[in-house]
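# Coordinates in review
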Amino acid sequence: MKQLLAFIRKEFHHVFRDKRTLLILFGLPVVQILLFGFALSSEVKNIGIAVLDNAQDNNSRQLTDRLQTNSYFLVKPAIHSYPEIEERFKKGEIKCALVFPADFSADMERSGKAQVQVIADASDPNTATIAVNYISGMVNSYLQQTRPAPHLNYQILPQLRLLYNEEQNGSLNFVPGVIALIFMIVCTALTSVSVVREKEMGTMEVLLVSPFSPIMVLVAKAIPYLVLSIINFILIILLSVYLLDVQVRGNFLLLFGESVLFIITCLALGLLISNLTNSQQTAMLISMMGMMLPTLLFTGFLFPIENMPIPLQVISRIVPSRYYYIIIKAVMLKGLDFSYIWKETLVLACMSVGLLGIALAKFKTRLS
Amino acid sequence: MPAVSLQHISKTYNKGTVKAVNSVSFDVNKGELFGLIGPDGAGKTTIFRILTTVLLPDQGEATVEGLDVVKDFKTIRRKVGYMPGKFSLYQDLTVSENLTFFATIFKTSIKENYDLIKDIYDQIKPFSDRPAGKLSGGMKQKLALCCALIHKPDVLFLDEPTTGVDAVSRKEFWEMLQRLKQQGISILVSTPYMDEASLCDRIALIQNGNILSVDTPQNIISNFPAPLYAAKAKNFYQLLKDFRSDPAVESCYAFGEYLHLTFKDAGNCDQLMQQLRDKYQPAEFEYKKTVPTIEDSFIRLMQQTIP
């Protein structure tokens, strides 16, 4: 026991004296959360738009005002002629233009039908579609509010409800994904160099000629990273809750326990890599490059697994982060309890035990 | 029972293509300071690794304190102290942290065996808060020795402990080994430096994985079979070439500023030496009869094994 404590203390010294490791451990998650939260967003906001108002009447002005109060659009100075539209598009100043014909209101009064032209820059089809949809929605609602159609007696009005994320806060989608990604990469990468570093530095040779047991080495190597990863987890949750407005709906203790389990799975994987490789470079390459792509692809937060071909779905079943992503979404966003996620928990637990077992079996008690 | 015993130990690398150690046998007696002397690549480190149980031999048997290096490796690992050739402590831990760590994993404490390491540790104590990686070469070796000694091992394995260490520190290091020997610890030490051989009780000369000779340094020197002459001249290289091609000369090699040579006919060497001088007439020629060193013996044994 005293041996183990001395070993763990030594590992803590290694971690705390290696500034680069600390930077990776704490810098990476914070940067990722902030990046995904503020800089990289799939929501379309602040679409540059300009209005060519040939009508200059009451209706066209009111519609323009509505545009201005809408946070999705950033209304640029008005356009005065048709050729100017293309010019502004080419400058990249606007992504969308709205054109009112000269007799906009007159048409509306007379025939009950008026036209507006919406021109969008479809070199980015996503933004273009969204912008066009926003505008048509806006025009429709304007029409309904100002002139309720009296002649239509039958109307179907779909009442939309977006469950679990009614405000459509984009952070809700990526926070669980990023947490899974961070643990999968940071924990695995950092532990994957821990044992192999001793081999490379030659300290393993001295360690071997001492009365230590392999399990002690593995446990001692894992504990500092486990502790730091837990701190990391709390940090990420705090950032998500207070900075990105993501609420933890489920039981926090359950979320915490599941996260610790997932961290242990990742650490076990890292230790296994460390035991199988002979240089820090190889270990880092396997854990960073080798883990990054499967984690991104098969966790399910970038690409839905249900849409993948069967072989890829099968592969996704061996990626631990896939299960954690299901768990964390269930607990954090839907507020479900343990009975809904026991299967995934069991898979992760089995993976941890299995990986640790293989790592222990592969621990070389002699030099190559 | 010898402290260490090897019987026909062989080891190859790369699936048998590289022969590292070839049927090596020797014993190290209890309480002995035994030197394994040979150039780089002779197989010294391989022997150390087999004896410290971190490498398995291909053939042969070896025991440490009567324990088999393959079967009883766990017990051996508790009983021996090992200092590998490459500095193998934690460079980012301080001197005292390294020592405490090794003391603890051997289930002892610095206090318990302080008297054993006191002489050595006192010298590095002023730097006890310095990271081990920032110590000088000699200091590193002293710390490594402390760490290898902290659990009071029965046998101490020191693989090239003085390589890369300055002359003064080397001398100090050997004095420490003498003191440790008096404490009853058996020591197996390897070195490429021939001048350190005479400081051992017994030595084994090793070359290309083969043991050339095992004896006390004195015996190895006195077993040198022929009178040895040292000679030099203004044109050193010409002299070496002439002597080597001369039929009367058995062997001739550069040794510091002199040539060392022996004759095939060991009977009247003085006369032969004069004949050589008359034959080649080298400028500024001088010669003398000289006492052989371990290195002379080594070179001679080496030439005998390589036809």
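Definitions and cut-offs
Residues numbered from 1 in each chain as written. Chains lettered and ligands numbered in written order. Predicted model: local features only at pLDDT ≥ 70, side-chain atom pairs only at ≥ 80, totals over all residues. Helix = DSSP H or I, 4+ residues; strand = E, 2+ residues; numbered from the N terminus. Rg over C-alpha atoms; globule rule 2.2 N^0.38 Å. Buried ≥ 20, exposed ≤ 12 C-beta atoms within 10 Å, placed from the backbone. Contact = placed C-beta atoms within 7 Å. UniProt positions renumbered as here; feature names shortened; annotations may be inferred. Pairing = 2+ DSSP bridges. Domains from an automatic or database assignment. Nonpolar A, V, L, I, M, F, W, Y, C, P; charged D, E, K, R; others polar. Axes fitted to C-alpha atoms, helices over the stretch in contact; angles between N-to-C directions. Core = buried A, V, L, I, M, F, W, Y, C linked by C-beta atoms within 7 Å. Parallel < 35°, antiparallel > 145°, perpendicular 65-115°, else oblique.

## Some words on the overall build of chain A
Helix and strand counts for chain A stand at 15 helices and four strands. The C-alpha radius of gyration of chain A comes to 28 Å, more than 25% above the 21 Å expected for a compact globule of 368 residues. Summarising its shape, the C-alpha atoms of chain A cover approximately 95 × 45 × 40 Å along the three principal directions. Here chain A holds 368 residues, and 35% of them are scored as buried. Taking as baseline every contact in chain A between residues at least 6 positions apart, the subset at least 24 positions apart corresponds to 79%.

## A look at the overall build of chain B
From N to C terminus, chain B includes ten helices and 14 strands. Across the 307 residues in chain B, those meeting the buried criterion constitute 43%. Considering only contacts in chain B between residues 6 or more positions apart, those separated by 24 or more positions represent 72%.

## Thoughts on the UniProt feature "domain: ABC transporter" (unreviewed entry) in chain B
Per the UniProt annotation, the sites labelled "domain: ABC transporter" (unreviewed entry) are residues 4-233 of chain B. In this annotation, residues 4-233 of chain B is assigned 31% helix and 28% strand; the end-to-end C-alpha distance for the span is 47 Å.

## Some details on the UniProt feature "transmembrane region" (unreviewed entry) in chain A
Residues and elements named next belong to chain A. In the numbering used here, UniProt assigns the feature "transmembrane region" (unreviewed entry) to residues 21-40, 174-196, 226-244, 251-273, 285-303 and 346-363. Annotated as residues 251-273, this span is 96% helix and 0% strand, and its ends, taken at the C-alpha atoms, are 33 Å apart. From the first C-alpha to the last, residues 285-303 spans 24 Å; its make-up is 74% helix and 0% strand.

## Describing the pairing of strand β2 (residues 18-28) of chain B
Side chains on a regular strand alternate between the two faces of the sheet. Residues and elements named next belong to chain B. Where strand β1 (residues 4-13) and β2 come together, seven bridges link them in antiparallel fashion. By the bridge assignment for β2, Ser5 is matched with Asp27. In this structure, the hairpin formed by β1 and β2 is closed by a connection of four residues, where Asn14 is found at a positive phi of approximately 50 degrees.

## Comments concerning the domain arrangement of chain B
We note that the domain assignment places domain 1 (4-216) and domain 2 (225-291) within chain B. Taken over C-alpha atoms, the centre of domain 1 of chain B sits 40 Å from the centre of domain 2 of chain B.

## Focus on the interface of chain B and chain A
Every contact between the two is made by 22 residues of chain B and, on the other side, 19 residues of chain A. When residues of the side of chain B that touches chain A are traced back to their parent elements, those giving at least two are α2 (73-79), β6 (80-83) and α3 (95-105) of chain B. Split by residue class, the side of chain B that touches chain A holds twelve nonpolar, three polar and seven charged.

## Some remarks on the sheet that holds strand β4 (residues 117-120) of chain A
Remark on secondary structure: sheet strands pair via backbone hydrogen bonds, oriented parallel or antiparallel. Residues and elements named next belong to chain A. Pairing is mixed across the open sheet formed by four strands, whose spatial order is β2-β1-β3-β4. In the strand order of this sheet, the two ends are held by β2 (73-75) and β4, each with one partner. Strand after strand, the sheet turns through a mean of 30 degrees between neighbouring axes, direction not considered. Here four bridges tie strand β3 (residues 96-100) to β4, and the two strands are oriented antiparallel to one another. Across the sheet, Cys96 pairs through a bridge with Ala120, a residue of β4.

## Side note on the sheet that holds strand β5 (residues 67-68) of chain B
All names here are of chain B. A sheet is described by the order of its strands in space; here four strands give the open sequence β2-β1-β4-β5, paired in antiparallel fashion. Each of the sheet's edge strands pairs with one partner strand only, and the pair in question is β2 and β5. Bridging between β1 and strand β4 (residues 59-64) involves five bridges; their strand directions are antiparallel. Within the sheet, the bridge partner assigned to Ser10 lies in β4 and is Gln59.

## Section: the nonpolar core
In this structure, Phe183 of chain A together with Cys146, Phe157 and Ile187 of chain B are the most contacted members of the largest nonpolar core, which totals 139 residues. The greatest single-element share of this core, amounting to 14 residues, is contributed by helix α7 (residues 171-192) of chain A. Not counting residues within four places of it along the chain, the set of residues in contact with Phe183 of chain A comprises Ser229, Phe262, Ile263 and Cys266 of chain A. In this structure, Ala55, Cys96, Ala97 and Ala114 of chain A belong to the second largest nonpolar core, which totals 21 residues.

## Observations regarding the domain arrangement of chain A
Domains assigned within chain A are domain 1 (2-40 + 168-362) and domain 2 (47-146). Between the C-alpha centres of domain 1 of chain A and domain 2 of chain A the distance comes to 49 Å.

## Some details on the pairing of strand β9 (residues 202-207) of chain B
Residue and element names in this part refer to chain B. Burial analysis of β9 places five of its six residues in the buried class, which makes it a mostly covered element. Note that β9 and strand β10 (residues 210-215) share five bridges and pair antiparallel. Looking at the pairing, Ala204 lines up with Val214 of β10. Hairpin connection of β9 to β10: two residues between the antiparallel strands, including Asn208 at a positive phi of 50 degrees.

## Focus on the environment of Trp342 of chain A
Residue and element names in this part refer to chain A. You can see Trp342 is positioned in helix α15 (residues 342-362). By the C-beta count within 10 Å, which is 11 here, Trp342 ends up exposed. Taking the C-alpha atoms as reference points, Trp342 and Ile327, separated by 15 residues in sequence, lie 8.9 Å from one another.

## Focus: the packing of helix α11 (residues 252-276) of chain A against helix α14 (residues 320-333) of chain A
All names here are of chain A. Taken N-terminus to C-terminus, the directions of α11 and α14 make an angle of 170 degrees; their axes are 10 Å apart at the nearest point. It follows that α11 is roughly antiparallel to α14 by the angle criterion. Between α11, through Leu254, Leu255, Glu258, Phe262, Thr265 and Cys266, and α14, the contact on the second element is made entirely by Pro320, Tyr324, Ile327, Ile328, Val331 and Met332. A class-by-class count of the residues in the contact of α11 with α14 yields ten nonpolar, one polar and one charged.

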